[in-house]
Amino acid sequence: MAAVTALPVSLSARSFAYFTVKDRLPQILTKVIDTLHRHKNEFFEEHGEKGVEAEKRAISFLSKLRNELQTDKPVTPLEDELPDAALWNQYLDYQRNLSNGNGEPSWFQSPWLFVECYMYRRIHAALAQNPPIGSFDVFKEGKAQNFFESQEAIIALCTYFQELLKNIQDLDEKQLQGELFKLLQVSLWGNKCDLSFSAGEGSSQKSSPLQCLEDMVPYIIVNDMERLWSLLINAKKRNTDKCNVRVDIILDNAGFELVSDLVLTDFLLSSKLADEVHFHGKSIPWYVSDTTKNDFNWTIKQLQSANHMWMSRCGINWEGNLKKGVWVYHDHMFWTLPHVYSSMAEVAPDLYADLQKSNLLLFKGDLNYRKLTGDRKWEYTVPFHQALNKFHPAPLCSLRTLKSDTQVGLKPGQGEQIQASEPEWMVSGKYGIVQFDATP
Ligand code: F6P
Ligand code: MG
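Rules used in this analysis
Residues numbered from 1 in each chain as written. Chains lettered and ligands numbered in written order. Predicted model: local features only at pLDDT ≥ 70, side-chain atom pairs only at ≥ 80, totals over all residues. Heavy atoms only, no water. Donors = N, O, S within 2.8 Å, 3.2 Å for Na, K, Ca; no water. Helix = DSSP H or I, 4+ residues; strand = E, 2+ residues; numbered from the N terminus. Buried < 20%, exposed > 50% of the residue type's maximum accessible area, 1.4 Å probe, protein only. Salt bridge = Lys/Arg side-chain N within 4 Å of Asp/Glu carboxyl O. Axes fitted to C-alpha atoms, helices over the stretch in contact; angles between N-to-C directions. Parallel < 35°, antiparallel > 145°, perpendicular 65-115°, else oblique. Contact = heavy atoms within 4.5 Å. Core = buried A, V, L, I, M, F, W, Y, C linked by side-chain atoms within 4.5 Å.

A. Fine view of the coordination of the magnesium ion (ligand 2). Protein coordination at the magnesium ion (ligand 2): the donors are Asp252 (OD), Asn253 (OD1) and Asp290 (OD), at 2.1 to 2.2 Å from the metal. The sequence motif formed by the donor residues of the magnesium ion (ligand 2) is D-N-x36-D. In this pair, Asp252 sits in the loop between strand S2 (246-250) and helix H11 (256-270) while Asp290 sits in the loop between strand S3 (276-281) and helix H12 (293-304), placing the two residues 38 residues apart along the sequence. What makes Asp290 buried here is its relative accessible area of 2%.

Here it is in structure tokens:
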């Protein structure tokens, strides 16, 4: 991999990133260790002494990891033999070369994105190397809790949506556009419910997600919803029987956010703005609340069997979409590598080629935005297209609340103006973007 010269510096473990590495990552590790402790009896009941031994080994591996982090030790190569280990270690070599012979890059001297991803990958190794508890998801409880605590909001959203479906065929274009914009915003603000931001503390959707959308419009600092609409409506008009309109959604967090994404994508199918939707989730537990295949299926099952008519109607329809093949779930190891998306064509050409088949890629959340823009200290006014640095498999759109120090595509002076009154604007999760790039 050639060294990057013409790009701004990576966000390193300084400022907000520094706070994340110093405080939040150890907190997350401590929670993971506690979770394993709490499940000791369960492991014993399921696997006997072997389960308890595995739990002890995983805890000792994780305690060592926490110590390496807190004492700013070098980031060491992965020693497991999981399928992605070689790619990780190549990436680590690349980081070493970038440090120009200044020794082994340590936790606080490495790019933030890299060490954060590395921590989640080591958590995965702690479990995966210790059968019989290898497939235990240490973040499962938190994700389920977020779902249950968001129950009222989920009911409100499912009810609204099922009412909408009753007369969706009769809506004119203007009304259809209005509904799309509403559901895009619900999905955007659903991204506030991420659990890595709060180091795993609750972050559920308490109020009705539809109620205060109007009031929140001023906080959408890049709003390309009109452009998204044009793309979808033109694709629908051009659409013939031969060519399906395909939308891909690169998922972020399970819990309320996932439900909001499923409602949005159901709307795209029901309104015939799309004919098929492809979901992309994580193949290992990631950033506390990111969606895995288990979370995806669990969520649909929960809705299906809910004691509420409209919730369960959603769940039944969604299960049907999967069976009919108009919804397709994928996972790919690339999404849990530390690589930024401009290297996808080289590192995961199969995934890049698959995304090229799409009419529209929706990237949910902050981490996806960081990887889209290379997690660099861009000037705020740099065009989104430029920050994507040749990542253009298909027209794409980021729906993200700001939780890290990177933002592009603002108008001159816009960022500085917000900064003057709200120094924390880039990391508070209060602002959002719907940022589109059409040029493949
Ligand atoms: O900054 C907080 C943080 O944990 C970042 O590390 C990460 O970019 C983000 O939250 C995860 O958020 P999201 O779930 O929106 O990708
Ligand atoms: Mg996330």
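B. Local environment of the pattern of salt bridges. A complete count under the given rule lists 26 salt bridges for this structure. Residues Lys140 and Asp295 are paired through a salt bridge, measuring 3.9 Å at the closest nitrogen-oxygen approach. Here Lys140 is found in helix H6 (residues 140-149), whereas its partner Asp295 is found in helix H12, with 155 residues between them in sequence. What makes Lys140 partly exposed here is its relative accessible area of 24%. The partner of Arg227 in a salt bridge is Asp224, with the nearest N and O atoms 3.8 Å apart.

C. Examining the packing of H11 against H12 more closely. Viewed as axis vectors pointing N to C, H11 and H12 meet at an angle of 75°, and their least axial separation amounts to 11 Å. Of the possible angle classes, the one that applies to H11 and H12 is roughly perpendicular. Along its contact with H11, which presents Leu258, Val259 and Leu262, the element H12 presents Asp295, Phe296, Thr299, Ile300 and Leu303.

D. Examining the environment of Ala438 more closely. Topologically, Ala438 is positioned in the segment after strand S7 (432-437). Its relative accessible area of 30% is what places Ala438 among the partly exposed residues. Those residues in contact with Ala438 that lie beyond four places of it in its chain are Arg227 and Pro395.

E. Just the nonpolar core, in detail. Ranked by internal contacts, the top residues of the largest apolar core, which has 79 residues, are Met119, Ile123, Met344 and Phe391. Apart from residues no more than four positions distant in its own chain, Met119 is found in contact with Leu25, Ile28, Leu29, Leu65, Leu69 and Trp107. Ile154, Ile155, Leu228 and Ala274 belong to the second-largest nonpolar core, a separate cluster that totals 63 residues.

F. Summary view of unusual backbone geometry. Residue Pro132 follows Pro131 across a cis peptide bond; omega there is 10°. Within the secondary structure, Pro132 is located in the loop between helix H5 (112-128) and H6. Even without glycine at this site, Lys272 takes up a positive phi of about 65°. Relative to the assigned elements, Lys272 resides in the loop between H11 and S3.

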